[in-house]
Amino acid sequence: MKIPLSWIREFVNIPVPVSELTEKLTMAGLEVSDTHVVGKWENCFVGCVRQVENHPNADRLFLCTVDIGTSSKTVVCGAPNVSVGQKIAFAMVGAKLIDGRTGKEFVLASAKIRGLVSEGMICSERELGMGEEHDGILVLPYDAPLGIALSEYLGDEVLDLDVTPNRPDWLSILGVAYEVAALIGGSVTPPPDDYTENDSDINDDMQVTIAAPDLCGRYCA
């Protein structure tokens, strides 16, 4: 079972290095067979699209101004979903990416596209190696910190756990969080289990009627 550390940290603080945590878990019976680092991006940052204009020499391309916190870059982008105000994954010249067409790794270089210089790239999921989506750019949440390294914002470490049959409580993120807390002396903050009721009473909108009580003694909805 694969467990992202970022998810466990939502419920329990982990003040020890990952190597120490994996050793403690393994010695407790929850063997960590492997660890994976997700998002080893270099020269990639969270940017914000400040301006989008039509490319003067191409009908399906756009000329975008991207703010990366410390400076602004002008890039040529062909994604149909790019728009002003989006937080995006921006790759600087020198970044290692995945070619969306061939699937091969390449180093991003400054390029002149239809007569205009493009100083980087607004990336799709596939170009970052995060998925297969390549029809449009990856749009990040609005509150993504501007200028932060993408590896710091989206990167993660994933533990590959071998769960034994006698410990079904380890088959959940929260169950592993309780185990981590027990091993490092921390405390777990479980997710909220109460919900606010609003609008009309559901019993006024729908009812269940059992037409054949001899065949169905109870039915709930």
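Everything in this summary refers to the structure shown in the same document. (Residues numbered from 1 in each chain as written. Predicted model: local features only at pLDDT ≥ 70, side-chain atom pairs only at ≥ 80, totals over all residues. Heavy atoms only, no water.)

1. Here we look at the packing of aromatic side chains
Inference 1: Scanning all chains against the criterion turns up zero aromatic pairs.
Inference 2: Stacked on the ring of Tyr 142, the Lys or Arg Lys 87 has its end atom at 5.7 Å from the ring centre. (Phe/Tyr/Trp six-rings, centres within 6.5 Å; stacked < 30°, edge-to-face > 60°. Lys NZ or Arg CZ within 6 Å of the ring centre and 35° of its normal.)

2. Considering the layout of surface pockets
Inference 1: When its volume is computed, the largest pocket comes out at roughly 640 Å³.
Inference 2: At the level of secondary structure, the elements contributing two or more residues to the lining of the largest pocket comprise β5 (72–77), β9 (111–113) and β11 (120–122).
Inference 3: No other element matches β11, which puts three residues into the lining of the largest pocket.
Inference 4: Counted by class, the lining of the largest pocket contains 13 nonpolar, seven polar and four charged residues.
Inference 5: Of the pockets and cavities examined, the second largest pocket occupies roughly 220 Å³.
Inference 6: If you trace the second largest pocket, you find 13 residues lining it, with Lys 40, Trp 41, Lys 96, Glu 105 and Leu 128 closest to the centre.
Inference 7: Elements with a contribution of two residues or more to the lining of the second largest pocket: β7 (96–98) and α3 (125–128).
Inference 8: It is β7 that contributes the most residues to the lining of the second largest pocket, three residues altogether. (1 Å grid on protein atoms, 1.4 Å probe; cavity = no way out; pocket = protein on both sides within 12 Å on 5 of 7 lines; lining within 4 Å. Points joined across faces, edges and corners; volume = space filled by probe spheres on them. Helix = DSSP H or I, 4+ residues; strand = E, 2+ residues; numbered from the N terminus. Nonpolar A, V, L, I, M, F, W, Y, C, P; charged D, E, K, R; others polar.)

3. Examining the pattern of salt bridges
Inference 1: Evaluation of the coordinates by the stated rule reveals five salt bridges.
Inference 2: The partner of Asp 160 in a salt bridge is Lys 2, and the shortest N-O contact between them spans 3.4 Å. Pair noted here: Asp 160 is in strand β13 (residues 156–162) and Lys 2 is in strand β1 (residues 2–4), with a separation of 158 residues, a long-range link.
Inference 3: Take Lys 2: its relative accessible area is 53%, and that puts it in the exposed class.
Inference 4: A network of salt bridges, in which partner residues are shared, links Arg 167, Asp 169 and Glu 179. (Salt bridge = Lys/Arg side-chain N within 4 Å of Asp/Glu carboxyl O. Buried < 20%, exposed > 50% of the residue type's maximum accessible area, 1.4 Å probe, protein only.)

4. Topic: unusual backbone geometry
Only a minority of non-glycine residues have a phi that is not negative, and only a minority of peptide bonds are not trans.
Inference 1: One non-glycine residue, Asn 43, lies in positive phi territory at about 60 degrees.
Inference 2: Relative to the helices and strands, Asn 43 is located in the loop between β2 (31–38) and β3 (44–54).
Inference 3: Its identity is not glycine, yet Asp 199 carries a phi of approximately 60 degrees, on the positive side.
Inference 4: The residue Asp 199 is located in the loop between α5 (173–184) and α6 (202–205) in this model.

5. Points about the side chain of Ser 118
Inference 1: Take Ser 118: it is sitting in strand β10 (residues 116–118).
Inference 2: There is a polar contact of 3.0 Å between the side chain of Ser 118 and the backbone nitrogen of Val 76.
Inference 3: Polar side-chain contacts of Ser 118 include one of 3.2 Å to the backbone oxygen of Gly 120.
Inference 4: Ignoring anything within four residues of it in the chain, the contact list for Ser 118 reads Thr 74, Val 75, Val 76, Ser 110, Ala 111 and Ile 113. (Polar contact = N/O pair within 3.5 Å; in protein donor to acceptor, adjacent residues only side chain to side chain. Contact = heavy atoms within 4.5 Å.)

6. Considering helix α2 (residues 18–27)
Inference 1: Where α2 is concerned, the buried positions are Val 18, Leu 21, Thr 22 and Leu 25. Down the axis of α2, the buried set is contained in an arc of 95 degrees. They therefore lie on one face. Away from its buried face, by an angle of more than 90 degrees, α2 presents the exposed residues Ser 19, Glu 23 and Met 27.
Inference 2: Buried residues along α2 sit in contact with α1 (5–8), β2, β13 and α5.
Inference 3: A positive phi of about 110 degrees marks Gly 29, the residue just after α2. (Arc of directions from axis to C-beta.)

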